[in-house]
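The residues making up each chain are set out below.
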Amino acid sequence: MEITKNLLSELTGLDRRTIKKRLDGLQPIGRKGLADAFDSSEALKRIYAPMAAAACGLDPRAEKARLDKLRGDHQALVNAEKAKVLAPVSVTAKIIADIAVNTRAKVLGIPSKIAAILPAELRADVFKDCERLVKEILSDLAAYVPEIPDQDPAE
């Protein structure tokens, strides 16, 4: 059904300027006298869409701003990665894994280094105690799972 802006304004109770603004970009399907005529179902969808969003708790402007910020943040991350200012997660994970492996090897060597500087009669006992403590600490570190707090993606 064809309907004009004036008739839409009368039926919806909205100001004609509001109707004009919400129908911006919708192509008229014909003319009624001097006025453009629009498909009523498409026109009403455009008119009531902002009201429906507001009814479900969404502010269209705030939602658009949030999405624009997310897109901007994503592009900033992409640009930083391309400029080699920011490393990809896979590279960072590999670096951290390499650090952990090298640190573990060095820590496991501590009991031998301590035993080498002790008098002979103390070496065996101190070596066993140090080795046991180092292995206990490394086991605790290997079992550690950090708690990751929930974060709002918009932050």
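One structure accompanies this document, and this report is about it. (Residues numbered from 1 in each chain as written. Predicted model: local features only at pLDDT ≥ 70, side-chain atom pairs only at ≥ 80, totals over all residues. Heavy atoms only, no water.)

Let's talk about the nonpolar core
The tendency in soluble globular proteins is for nonpolar side chains to be buried as a group.
Inference 1: Counting nine residues, the largest nonpolar core is built from Ile3, Leu8, Leu14, Ile19, Leu23, Leu26, Phe38, Ala43 and Ile47.
Inference 2: In this structure, leucine 23 is in contact with Lys5, Leu8, Phe38, Ala43, Arg46 and Ile47, ignoring residues within four places of it in sequence. (Core = buried A, V, L, I, M, F, W, Y, C linked by side-chain atoms within 4.5 Å. Buried < 20%, exposed > 50% of the residue type's maximum accessible area, 1.4 Å probe, protein only. Contact = heavy atoms within 4.5 Å.)

Concerning the side chain of serine 9
Inference 1: Within the fold, serine 9 resides in helix H1 (residues 5-12).
Inference 2: Given the relative accessible area of 15%, serine 9 is considered buried.
Inference 3: In contact with serine 9, other than residues within four places in its own chain, are Leu14, Asp15, Arg16 and Ile19. (Helix = DSSP H or I, 4+ residues; strand = E, 2+ residues; numbered from the N terminus.)

A closer look at a nonpolar patch on the surface
Inference 1: Residues Leu44, Tyr48 and Met51 make up a contiguous nonpolar surface patch of roughly 240 Å² in combined accessible area.
Inference 2: Structurally, tyrosine 48 can be placed in helix H3 (residues 40-55). (Patch = residues over 30% accessible without salt bridge, like charges linked within 9 Å, V, L, I, M, F, W, Y side chains within 5 Å. Areas by Shrake-Rupley, 256 points an atom, 1.4 Å probe, with all protein chains shown as cover. Salt bridge = Lys/Arg side-chain N within 4 Å of Asp/Glu carboxyl O.)

A short note on the pairing of strand S3 (residues 35-39)
Inference 1: Note that strand S1 (residues 2-4) and S3 share three bridges and pair antiparallel. Bridging across to S3, glutamate 2 finds its partner in aspartate 39.
Inference 2: Both strand S2 (residues 30-32) and S3 contribute to a ladder of three bridges, which runs antiparallel. From the neighbouring strand, lysine 32 faces S3, where its bridge partner is alanine 35. (Pairing = 2+ DSSP bridges.)

Concerning the sheet that holds S2
Inference 1: With respect to topology, three strands assemble into an open sheet ordered S1-S3-S2, the strand pairing being antiparallel. Strands at the two margins of the open sheet, each flanked by one partner only, are S1 and S2. Neighbour-to-neighbour, the strand axes of the sheet open up by a mean angle of 50°, direction not taken into account.
Inference 2: Against the sheet, H1 touches S1 and S3, its axis set at about 85° to S1. (Axes fitted to C-alpha atoms, helices over the stretch in contact; angles between N-to-C directions.)

Examining the packing of helix H6 (residues 110-117) against helix H7 (residues 120-143)
Inference 1: Axis separation between H6 and H7 bottoms out at 9 Å; the angle between their running directions is 160°. One way to sum up the angle between H6 and H7 is to call them roughly antiparallel. Our pair here, H6 against H7, has a crossing hand that is right-handed. Touching Pro111, Ser112, Ile114, Ala115 and Ala116 of H6 are Arg123, Val126, Phe127, Cys130, Glu131 and Val134, all from H7. (Parallel < 35°, antiparallel > 145°, perpendicular 65-115°, else oblique. Left-handed = near helix turned anticlockwise from the far one by under 90°.)

Details of the environment of alanine 49
Inference 1: Take alanine 49: it is sitting in helix H3.
Inference 2: By relative accessible area, alanine 49 is classed as partly exposed at 42%.
Inference 3: When the C-alpha positions of alanine 49 and proline 60 are compared, they lie 9.4 Å apart, and in sequence the two are 11 residues distant.

Topic: H7
Turn by turn, an α-helix covers 3.6 residues, leaving residues three or four places apart pointing in a common direction.
Inference 1: Compared with the 34 Å implied by 1.5 Å per residue over 24 residues, the 35 Å span of H7 between its first and last C-alpha is a close match.
Inference 2: Residues of H7 that are buried include every one of Cys130, Val134 and Leu138, and no others.
Inference 3: The secondary structure elements touched by the buried residues of H7 are helix H5 (89-108) and H6. (Expected span 1.5 Å × (residues − 1).)

Brief notes about the packing of H5 against H7
Inference 1: The geometry of H5 relative to H7 is characterised by a closest axis approach of 10 Å and an angle of 160° between their N-to-C directions. The orientation of H5 with respect to H7, classified from their angle, is roughly antiparallel. In this structure, H5 meets H7 at a crossing whose hand is right-handed. On H7, the residues touching Arg104, Val107 and Leu108 of H5 are Val134, Lys135 and Leu138.
Inference 2: Counted by class, the contact of H5 with H7 contains four nonpolar, no polar and two charged residues. (Nonpolar A, V, L, I, M, F, W, Y, C, P; charged D, E, K, R; others polar.)

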